[in-house]
Structure formats: structure tokens, C-alpha cells
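Geometric and topological summary
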Amino acid sequence: MGVNLKGRSFLTLLDFTSDEIRYLLDVARQVKVEKRAGTPTVRFAGKTLAIVFEKRSTRTRTAFETSFGEEGGHAVFLSKDDIHLGVKEDLKDTARVLGRMFDAIAFRGFKQETVDVLAQWSGVPVYNGLTDLYHPTQILADFMTIEESLGSLKGRKLVFVGDSRNNMANSLMIGSAKMGLHFVACGPKSLHTDPAIVDKCREIAKESGAKVEVTEDVEKALMDADAVYTDVWASMGEEAKLQERIALLKPYQVNAEMMRKTGKAETIFLHCLPAVKGNEVTEDVFESPASRVFEEAENRKHTIKAVMIATLL
């Protein structure tokens, strides 16, 4: 395919072509096979990774640490309490120091601007493990899971139900537009995706053959869906809004009745986790044969390893 991503940062899928995303998914499939077979690999021997997190994490942190370590590299976890992350020291100064100490930086936090500044000033690849605006590494895991379950991405109908203005809905819409999926963001109008992101994705969709919709209509959204996706109703930092969100989003809970609205027995259920069962999804759907949530969780590791292989080697 002739894809060369060496030295690139991974901040948002907007920065990557469909061929580049396809390449990352193919590398992820390869490293998953290696891992399952127990094939020893030390691609990152002698390399170091700074894992700089402002927010708690289970899957993102463990995916970065284990995948880097398995390849012979040394990862160092740095919380906001461990370093001067924009406190007492300019963020760009911290970036330049980390860039001289490490071969790459993984960041998880609040402002997209923070990860952008790290990438601008560090001089090494920087990976966005989640910001308020985007969560691109999660989308790679989601798409890998869809392919494993359904065999293909292009033309598949992926429906996100719930808080459609969060980082997951944003990133799923961008990824779907790039890779030719039919994406529907379904939720109350007050929580619809930023129109600027929708417009951008519809422009991208003209080239890929994707379709991008935003609606409040659950019946219309779910019809013929290949995958139904949801996320927590109050993201980290929004806990005070939870009761308000429960009242607003209850009609968008993914339950057995909603899954039947697809009209397809083979529709899969996806969730980036952690899940609040009883809010955005019921226990029976979460534990059902349709659920692929733990395949997604595992695929965070393989796709993150693929991003680091592609950008460091």
C-alpha cells in the first residue's frame, strides 16, 4: 500500500486517510495473531514511552503499558500529580523535556489543545488516548471488532445512541466517514453532535461513499443497524449532570426492545467501557451473545500497539 507513518502523531482520525487507517487495522490484525500464537517480538527494544494521564483509565493505560512492554520497550507512567503539566511550567517546556527523554508520548486528559501542544513541541510521536473532543485509539479497536464480527466495514450501518456530542460520537462519526460506513448519531436534540463536525464528516463522506445522519428518531435510526453503540451518560468531569442526563436519555437506553428494532438477529452491541448497567445499557444486552464489549477492550491493546509500530519503526 506504500503507507509510511513513521514520526507521525496520532491525535485525531481527521489527520489520516482511509488507506492509512486501513494499514493500522491490518497491522493490528497481524500483532493480534502474534500475541495469540505466543510469538516473541521486541520491536521497541531500547525505546521509551511516557504515559501522561490527567484522567483515570483502565483499558487505555493497560493497553499502552502492556503492548509497549511486550515489544521490549520501557514505559513510564506520569500522572498530573507527578509532573508539571501546565502548572509551574509552560506546557510547551514540559513537551520539550519529555521529547528529549522519551521516544514517544501517550496522553489522556481533558483539552484537545494539550495533546496538540505536546505534539507540536516535543519532536516525538504523541498519541491521543482520549480528550474531551476525540478518542481515536478507541475507534480503531471498535472497527477491528466490527470487522472480526461482521467481516467488513464499508457500507455497514453503525448507530450511536445517547449523548451524541461526546468524544465517542465525534470520533465514530469521523472514522465512519473515512471508512465508508453509514453512521447515525441518535439522541435528544440538545445533545446532538457539533454541526461543524457533522459538516466536516459529510464532506469526507462524499469521497468515501459513507453516509452521516443525526436524528432523534430511534425507530428510524435502528432500522437495519449492523452495530449499536452507546457510552456513559455523564463523562468524566460531568458527574454533576448525571440526574439531568438520566431524565433526558432514558428513551435512548440500549435494551432488548431497542436491539429488536434493528430487524437483524446478527446485530452486535458495542460499548467503549466502563459501562453503567441500568443506565445507558441493560444488563441483559451487555451480557448477551450480541455483545462484543470485551473483544473491543482487548482490541484496544492490539490497535494501540499497531499505532506505535507504524509511527516508531
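Everything discussed here concerns the structure shown above.
Residues numbered from 1 in each chain as written. Predicted model: local features only at pLDDT ≥ 70, side-chain atom pairs only at ≥ 80, totals over all residues. Heavy atoms only, no water.

Let us look at the pairing of strand S6 (residues 182–186). Most of S6 sits out of view: five of its five residues are buried. Residues His182, Val184 and Cys186 point to one face of S6 and Phe183 and Ala185 to the other, with burial holding for every one of them. Across five bridges, strand S5 (residues 157–161) lies against S6 in parallel orientation. Within the sheet, the bridge partner assigned to lysine 157 lies in S6 and is histidine 182. Handedness of the crossover is the feature at issue here: the chain leaves S5, passes through helix H6 (residues 167–179), returns alongside S6, and the resulting connection is right-handed. The sheet contact formed by S6 and strand S7 (residues 211–215) spans five bridges and is parallel. (Buried < 20%, exposed > 50% of the residue type's maximum accessible area, 1.4 Å probe, protein only. Helix = DSSP H or I, 4+ residues; strand = E, 2+ residues; numbered from the N terminus. Pairing = 2+ DSSP bridges. Right-handed = clockwise from strand over helix to strand, strands pointing away.)

Right, let's get into the packing of aromatic side chains. Under the counting rule described, the total for this entry stands at six aromatic pairs. In this structure, arginine 8 packs its charged tip against the face of phenylalanine 16, placed 4.4 Å from the ring centre. The lysine or arginine in question, arginine 61, covers the ring of phenylalanine 77, its NZ or CZ lying 3.6 Å from the ring centre. (Phe/Tyr/Trp six-rings, centres within 6.5 Å; stacked < 30°, edge-to-face > 60°. Lys NZ or Arg CZ within 6 Å of the ring centre and 35° of its normal.)

For the rest of this paragraph, the subject is the environment of threonine 303. Along the chain, threonine 303 turns up in helix H12 (residues 293–312). For threonine 303, a relative accessible area of 1% corresponds to the buried category. On a C-alpha basis, the gap between threonine 303 and valine 232 in space is 22 Å, while along the polypeptide they are 71 residues apart. Those residues in contact with threonine 303 that lie beyond four places of it in its chain are Ala28, Thr137, Leu140, Ala141 and Met144. A distance of 2.6 Å separates a polar side-chain atom of threonine 303 from the backbone oxygen of asparagine 299. (Contact = heavy atoms within 4.5 Å. Polar contact = N/O pair within 3.5 Å; in protein donor to acceptor, adjacent residues only side chain to side chain.)

An order of S7-S6-S5-S8-S9 is seen for the five strands of this open sheet, with the pairing classed as parallel. The open sheet has two free edges, formed respectively by S7 and strand S9 (268–271), since each of these has just one partner strand. Each neighbouring strand pair of the sheet contributes to a mean axis angle of 20°, computed without reference to strand direction. Lying on the sheet, helix H5 (residues 136–150) is in contact with S5, strand S8 (227–230) and S9; it crosses S9 at an angle near 165°. (Axes fitted to C-alpha atoms, helices over the stretch in contact; angles between N-to-C directions.)

Mapped onto the elements, histidine 271 comes out in strand S9. Classification of histidine 271 as buried rests on a relative accessible area of 0%. A polar contact of 2.8 Å, which involves the side chain of histidine 271, links it to the backbone nitrogen of leucine 273. Residues within four places of histidine 271 in sequence aside, it is in contact with Tyr229, Thr230, Asp231, Val232, Glu280, Val281, Val293 and Glu296.

Right, let's get into helix H1 (residues 18–37). In this model, H1 (20 residues) spans 29 Å end to end at C-alpha, consistent with the 28 Å of a helix rising 1.5 Å per residue. Along H1, the positions that sit buried rather than exposed are Glu20, Ile21, Arg22, Leu24, Leu25, Val27, Ala28, Val31, Lys32 and Glu34. Turning to H1, the residues buried within the fold contact H5, H6 and H12. Phi turns positive one or two residues past the end of H1, at glycine 38, with a value near 75°. (Expected span 1.5 Å × (residues − 1).)

Read these as geometric descriptors, not functional statements.
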